[in-house]
Amino acid sequence: MACVRVCPADAVAVEGAIVRIVDEACTRCGLCLPACPHDAIEALGDVSRALELAQAGRAALILSVECAVHFYPATPNQVVNACYAAGFRSVHRGVLGDELVAHEYLALWADGDWGTMIRSTCPVIVETVRTQYPELIPYLAPVATPIAAEARYLKRLYGAGTPIVYAGVCLTEGGPDVDAAITFEDLDDVFRRRGVVVAKQDEYFTRVPEERRRHLSMAGGLPLEVLLEETQASRRFRKVRGLGGLGAIARAVAVDRLDLGFVDILPCEGCLDHPLLGPRDELFRRREIVGATEPARSRAPVVEEAVARGVQIAEAFPISRNGHRPQAEDVDAILKEIGLAPNGKPWDCGACGYPTCRMFANAAALGRTTLRSCPPYLDKQARLAQLQAAVDGLTGLATYRVLRDRLASEMARSDRTGDPFAVLFVDLDNFKKVNDEFGHEAGNEVLRGAARECGAHIRSTDLAARYGGDEFVLVLVRTRVEGALGVADKVRATVEGMGRTLGYPEGLVTVSVGVAEFVPGRGPETEDVLVAADRALYRAKAAGRNQVATGDGDR
């Protein structure tokens with residue numbers, strides 16, 4: 001359940017042997033891909049739509065700078081040339097969106113009276129806040145993501161009908177402003193289908209490149225001025241990395257009522273650290289490659305002001321009712337099924353992939369997992385199954401399986417210690433007649449009564465079991481035949497009395513009992529003690545029923 005354990009959105013549904021992604025809950029953070037030990041999860045963009053738009057020759061492509069890592073050792077120049085060869089109208093590098101967003105943040109930064117503002121340039125953060133922490137929605141900075149801003153800018157620049165394709169690491173980029181979002185592997189597929197080989201492209205730009213320099217921004221749209229103005233210890237600017245930080249922010253803002261200032265939170269260190277781009281231990285290598293491709297900073301704005309004035313950079317995040325929360329009674333019912341640990345507290349063992357039993361119950365109530373994924377529940381069911389296998393459901397006595405195991409252990413113990421033990425075979429004399437004349441429910445009542453009398457006359461160290469049908473077996477430890485005959489006669493007499501108490505005709509409800517003794521070193525030699533007791537039972541039946549007999553003669 002590693003993929004379940006790392007998913008911050010609880011978007012991995014486990015149904016027996018089938019694991020699926022719940023699209024409406026998934027934030028596309030990508031954490032589940034490297035966590036899955038079976039490589040069972042894939043990140044797939046809209047490659048068919050991107051191919052269609054490339055073939056039409058009208059689409060503008062936003063190609064994220066991390067392409068330098070994916071296509072290495074091919075140069076960024078060769079990758080851009082390949083994009084043009086595949087049919088894209090223009091190829092941009094995401095810089096324009098970063099610049100537009102950075103300009104908007106500088107205006108907000110200058111205001112300064114916002115209390116708490118969460119930088120929302122990462123769509124994964126926005127989606128996680130929307131689905132998991134709706135109380136933080138009012139604190140999201142009202143700014144579009146850089147790719148969404150660039151897509152709007154390009155539509156304004158080239159015409160509203162210009163299709164926009166985004167190729168990068170994170171498939172959530174751009175949202176509805178992007179006509180198709182694909183991964184770098186998807187872009188590889190587009191090249192292959194279009195017959196374009198990146199390594200065979202010229203190492204210089206075959207077309208004048210689009211703007212790649214930055215003026216205001218750092219990667220991701222954060223203004224350079226903010227980083228230069230505020231230190232890491234600043235109380236006005238906080239840098240948080242990891243989706244786990246959202247929980248602490250939500251508590252600080254919604255519960256403790258703290259003003260945190262400008263919070264720059266990303267799910268990872270950046271796209272270079274994204275799980276889809278490669279192992280974490282190669283992060284510094286990736287940074288070196290991308291850093292070597294970064295052009296010099298521009299002294300003048302790189303965005304056309306006349307075009308930018310018509311682009312909406314502000315963003316609204318409506319607060320909607322969260323319809324994905326399970327019913328409280330459903331969650332409580334699942335928690336009851338799981339039960340508590342021996343210390344009286346929830347198990348919270350994490351073996352199911354969820355940190356707590358309540359989080360697991362929430363997911364189960366939403367249909368995203370089942371109790372079959374909960375080890376404490378399975379253990380509880382196994383113990384219940386063992387108990388059911390050990391106890392007869394009708395009479396409450398031990399089952400035949402338990403009887404056979406107990407007889408084997410008693411014989412071994414008897415051989416070891418030299419102590420004898422006795423076995424009583426008890427059979428209702430007229431049980432079929434009771435069923436035929438009074439009905440099966442009456443027969444069940446007689447069986448329960450007979451079982452109760454069998455158990456009433458033995459010690460806690462002894463065993464009373466239902467052999468099958470209307471037959472019972474009693475194992476009396478460290479008991480000689482004389483003592484066993486006394487117990488047998490008490491059982492016979494009390495069952496007969498029970499029949500009279502229940503109102504049955506005299507002599508209808510009675511039992512016959514066969515008694516056998518096992519003596520170490522003496523036997524029974526050729527037959528086990530249970531068979532000997534059964535033969536004694538037939539001797540009691542032959543003597544007229546409602547009798548007790550031993551293997552040595554009648555009584």
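For the structure itself, consult the block above.
Residues numbered from 1 in each chain as written. Predicted model: local features only at pLDDT ≥ 70, side-chain atom pairs only at ≥ 80, totals over all residues. Heavy atoms only, no water.

**Q** How do you make sense of the pattern of salt bridges when you look at a structure like this?
**A** Pairs can form between side chains of opposite charge once their charged atoms are near each other. Inspection of the entire model under this criterion finds 30 salt bridges. Note that Arg192 is salt-bridged to Asp189, the shortest N-O span being 2.4 Å. Of this pair, Arg192 and Asp189 both sit in helix H9 (residues 184-193), three residues apart, roughly one helical turn. Since its relative accessible area comes to 58%, Arg192 is described here as exposed. (Salt bridge = Lys/Arg side-chain N within 4 Å of Asp/Glu carboxyl O. Helix = DSSP H or I, 4+ residues; strand = E, 2+ residues; numbered from the N terminus. Buried < 20%, exposed > 50% of the residue type's maximum accessible area, 1.4 Å probe, protein only.)

**Q** Any chance you could explain helix H17 (residues 400-417) here in plain terms?
**A** Spacing of three or four residues puts side chains on the same side of an α-helix, whose turn is 3.6 residues. Its 18 residues give H17 an end-to-end C-alpha distance of 25 Å, which sits within 8% of 26 Å, the value for a rise of 1.5 Å per residue. The set of residues buried in H17 consists of Leu403, Leu407, Glu410, Arg413 and Ser414. The buried residues of H17 occupy an angular sector of 135° when the element is viewed end-on, so they sit on one face. Structural note: H17 exposes Arg401, Asp405, Asp415 and Arg416 on the side pointing more than 90 degrees away from its buried face. (Expected span 1.5 Å × (residues − 1). Arc of directions from axis to C-beta.)

**Q** Is there a simple way to explain the packing of aromatic side chains in this structure?
**A** Think of a pair of aromatic rings as described by two things: how far the centres are apart, and how the planes are tilted against each other in angle. Within this structure, the stated rule accounts for nine aromatic pairs. With centroids separated by 6.1 Å and ring planes inclined at 55°, the aromatic side chains of Phe71 and Phe191 adopt a geometry described as tilted. Placement of Phe71 in the loop between helix H4 (67-70) and helix H5 (76-86) and of Phe191 in helix H9 is noted, with a sequence separation of 120 residues between them. With respect to class, Phe71 is no different from Phe191; both count as buried. Among the aromatic residues, those joined into a cluster by ring pairs are Tyr105, Trp109, Phe237 and Phe262. Taking NZ or CZ as reference, Arg236 lies 4.1 Å from the ring centre of Trp109, over its face. (Phe/Tyr/Trp six-rings, centres within 6.5 Å; stacked < 30°, edge-to-face > 60°. Lys NZ or Arg CZ within 6 Å of the ring centre and 35° of its normal.)

**Q** Even after reading the chapter, I still don't get helix H3 (residues 47-56), so can you show me in this structure?
**A** Within H3, burial applies to Val47, Ala50, Leu51, Leu53 and Ala54. The arc that holds the buried residues of H3, viewed along the axis, is 165°, so those residues lie on one side. Residues of H3 that are buried in the fold lie against H5, strand S6 (164-168), strand S7 (180-183) and H9. Gly57 lies just past H3 and shows a positive phi near 80°. (Contact = heavy atoms within 4.5 Å.)

**Q** What should I look at first to understand the sheet that holds strand S3 (residues 60-63) in this one?
**A** Strand pairing in a sheet relies on backbone hydrogen bonds, with the paired strands running either antiparallel or parallel. What the four strands build is an open sheet, ordered S4-S3-S6-S7; its pairing is parallel. If you trace the sheet from one side to the other, it starts and ends with strand S4 (90-92) and S7, each paired once. Across the sheet, the mean angle from the axis of one strand to that of its neighbour is 20°, orientation sign disregarded. Note: S3 against S6, four bridges, orientation parallel. Across the sheet, Leu61 pairs through a bridge with Val165, a residue of S6. H3 rests against S6 and S7 of the sheet, and its axis sits at about 110° to S7. Here helix H8 (residues 146-158) sits on the sheet in contact with S3, S4 and S6, set at roughly 155° to S3. (Pairing = 2+ DSSP bridges. Axes fitted to C-alpha atoms, helices over the stretch in contact; angles between N-to-C directions.)

**Q** Before we go on, may I ask you to explain the sheet that holds strand S8 (residues 237-241) in this structure?
**A** Overall, parallel pairing links the three strands, which are arranged S5-S9-S8 in an open sheet. Sheet topology places strand S5 (116-118) and S8 at the edges, where each strand pairs with a single neighbour. Strand after strand, the sheet turns through a mean of 20° between neighbouring axes, direction not considered. With five bridges joining them, S8 and strand S9 (residues 261-266) adopt parallel strand pairing. Across the sheet, Val240 pairs through a bridge with Ile265, a residue of S9.

**Q** I tried to follow the packing of helix H18 (residues 431-438) against helix H19 (residues 440-456) on my own but got confused; where do I start?
**A** Axis angle and axis distance: for two packed helices, these are the angle between their axes and the distance between the axes, and together they describe the pair. Relative to each other, H18 and H19 sit at 140°, their axes nearing to 7 Å. Between H18 and H19, the interaxial angle falls into the category oblique. Across the interface between the two elements, Phe431, Val434, Asn435 and Phe438 of H18 pack against His440, Ala442, Gly443, Val446 and Leu447 of H19. In terms of residue class, the contact of H18 with H19 is built from six nonpolar, three polar and no charged. (Parallel < 35°, antiparallel > 145°, perpendicular 65-115°, else oblique. Nonpolar A, V, L, I, M, F, W, Y, C, P; charged D, E, K, R; others polar.)

**Q** Help me out: how do you make sense of the pairing of strand S13 (residues 511-518) in this one?
**A** Looking down a regular strand, the side chains alternate between one sheet face and the other. In terms of burial, S13 is a largely internal element, eight of the eight residues being buried. Burial along S13 is two-sided: the residues Val511, Val513, Val515 and Glu517 and Ser512, Gly514, Ala516 and Phe518 are all buried. Relative to S13, strand S10 (residues 421-428) is paired through eight bridges, and the arrangement is antiparallel. Bridged to Phe425 within S13 is Gly514. Examined bridge by bridge, S13 and strand S14 (residues 548-550) share three bridges and lie parallel to one another. Across the sheet, Gly514 pairs through a bridge with Ala549, a residue of S14.

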